[in-house]
Amino acid sequence: MSRTRQTISVIGLGYVGLPTAATFASRGLSVIGVDIREHAVERIRTGQAHFIEPDLDIVLRAVVTAGNLRATTTPEAADAFLIAVPTPILDDKTADLRAVRSALASIAPVLKRGDLIIIESTCPVGTTQGAAEQLRGLRPDLTFPDTDPESSDILLAYSPERILPGHTLRELIENPRTYGGLDHRSALAARELYGAFATGPQRLTTAPTAELSKLVENAYRDVNVAFANELSLVCDALGLDVWSVIRLANLHPRVNILAPGAGVGGHCIPVDPWFIHEALPQQTPLIRASREVNDGKPRFLADKIAGIASRFREPKIALLGLTYKPNVDDLRESPALHIACDLADRRLGQLMIVEPHVPELPEGLSDRTNVELMTLNDAVAAADVVAVLVAHDRFRNLNRGAVSAKIVVDAVGLLAQPLEAA
C-alpha cells in the first residue's frame, strides 16, 4: 500500500468507478467518490449502489459506515485521482471524450505537487498524452511527465480495468493489471497505489501501449464473436443448427468457436474497436467488418421474429431477456433491447417482455401500449412466438413442454446444449 497517497479521489461512480472506490476504501484508504449524478451520490451516501453487482452493497455499506468512503458531486483535494467516466461513441462512430476532458478540468483546480492521476476509462491511443496537454493549459504552474519526465510535479498514467460484470469485486483484485505511464516514475506510482488490493500479475509499460492493449482486448473478442454470429446467419440460410455445427467443429483440438447470440452489448465491446478503426481506417477492415456483423445481428433477429409473427392475425410474442448479457441488470447497448424496440415500432402484435433483473420497462418501451413486462410462465403460456434473447440462469428452468407447441427463436442456444458464452 502506498505510504504517501492515503487519500484517493475516484471521478465517476459507475460500474467500474464505484467498485474500485469501495475496494480501495475496504483497505483502509480514505476515498472521495465524485459523480455528477446527484441521485447516485445520494444513494451511495446511504451505503447502497445504484446498480446491481453481487456483494457490492455489503462492501459499500461497511466502508461508508466506517467513514472510509464518502460521495460528493464536487472534486476535492486528494493524493491520487482515478478517472473512471464513460467514453461512448458518437453517431459517426468516433470517440466521445467529453466526459474525460470534463473530469480532468474538474480536478485541475485542486491539483498539487506530488499528485498522481490515473485514467481508467477506455480511450483512444494518445488520450493520456492529451490529458497532460489539457492540464498544462489549465495549470501552467505545474509540470507534467510528458515534458518533464522522471521529475514532474504531477504523475500521469493509464491503467485500464479488466472486469466482468457480476464478478467485479473478485476480478478487480485477481485480474492482471497494466500500468502505462507517461514516464517510468508514473507507472511505478500507479502500481504502488493499486498494490493496496491488486494480487494478479502486474506489468509496467508506456501509456499509448496500455491504451492500445485495452482496445485490442475488446476488438479481439468482437472479431471472434462476429465469426460465430456470421456462422449463425450461414446456418440459418442453410436450414442447419448452428449449435450442432459449432459443437462438431470445436472437436478439432485447435478450434474454439464462441457462442453466437443476439449481437454484442455492454459499454466496451460494441464501442472500443471503433477507437482503433477511427485512428487507422485503412488498416482495420476486419475490425470494421466485425462491428458491422455484430451490429447487424439484432436487425436480423427482429426481421426473423417479425416474419414468423406475421403468420398470426394478432400475434403474441414473448421476448425472454432485455439486458446485454446473462444475469445482470445492465441495459447498455443491449442487442435484446434493440430487438424489443424494433419490434415495438413495427406494432405487429403484443410484446410480452420477461426480464427478471429489471423492475420496470426502460424508456422506449414503458410508454408502448403493445408492450408489457410479464413473468416467465405467464408470457410463455400466452405466447404464439417465444424468442430467447438472453441466457439468464432463471430461464434455464423453462419447462420444455411449455414451449413445445410454440414457435421458438432461440438466439442464444438456451434450449440446445449451450456453448460457453463469449
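Residues numbered from 1 in each chain as written. Predicted model: local features only at pLDDT ≥ 70, side-chain atom pairs only at ≥ 80, totals over all residues. Heavy atoms only, no water.

Going by what an unreviewed UniProt entry lists, the chain is known as UDP-N-acetyl-D-mannosamine dehydrogenase and is assigned to Methylobacterium durans. Taken directly from UniProt, the Sequence similarities (unreviewed entry) text for the chain runs: "Belongs to the UDP-glucose/GDP-mannose dehydrogenase family." (UniProt positions renumbered as here; feature names shortened; annotations may be inferred.)

A. View of the environment of P88. Within the secondary structure, P88 is located in the loop between β4 (80-83) and α4 (98-107). Owing to a relative accessible area of 30%, P88 belongs among the partly exposed residues under this scheme. Setting aside chain neighbours within four positions, we find P88 in contact with T94, A95, D96, H267, V271 and F275. (Helix = DSSP H or I, 4+ residues; strand = E, 2+ residues; numbered from the N terminus. Buried < 20%, exposed > 50% of the residue type's maximum accessible area, 1.4 Å probe, protein only. Contact = heavy atoms within 4.5 Å.)

B. How the structure looks around the side chain of T127. When you line up the elements, T127 lands in helix α5 (residues 127-138). We classify T127 as buried; its relative accessible area is 10%. Discounting chain neighbours no more than four positions away, the residues touching T127 are L97, V100 and E211.

C. Expanded view of the sheet that holds strand β13 (residues 407-410). Taken in spatial order, the five strands line up as β11-β10-β9-β12-β13 in an open sheet, and their pairing is parallel. Taken across any chain shown, the strands that pair with only one partner, and hence form the sheet edges, are β11 (371-373) and β13. Shown here is a sheet whose adjacent strand axes are inclined to one another by a mean of 20 degrees, direction ignored. In the sheet, strand β9 (residues 316-320) pairs with strand β12 (residues 385-388) via four bridges, with the strands oriented parallel. Residue pairing in the sheet places I317 in a bridge with V385 of β12. (Pairing = 2+ DSSP bridges. Axes fitted to C-alpha atoms, helices over the stretch in contact; angles between N-to-C directions.)

D. Inspection of the side chain of H392 at higher detail. Mapped onto the fold, H392 is located in the loop between β12 and α14 (400-403). According to the relative accessible area criterion, H392 is buried, its value standing at 0%. Excluding residues within four positions of it along the chain, H392 makes contact with G321, T323, K325, P326, N327, V328, E355, P356, H357 and L414.

E. Representation of the sheet that holds strand β8 (residues 202-206). Ordered in space as β3-β2-β1-β4-β5-β6-β7-β8, the eight strands form an open sheet in which the pairing is mixed. Since the sheet does not close on itself, it has two edges, and those belong to β3 (69-72) and β8, each with one partner. Each strand axis lies, on average, 25 degrees off the axis of its neighbour in the sheet, ignoring direction. As judged from the two bridges shared by strand β6 (residues 155-158) and strand β7 (residues 177-181), these two strands associate in the antiparallel manner. Its bridge partner lying in β7, A157 is registered against G181. Across the sheet, α5 touches β5 (116-119) and β6, and the angle it forms with β6 is around 150 degrees.

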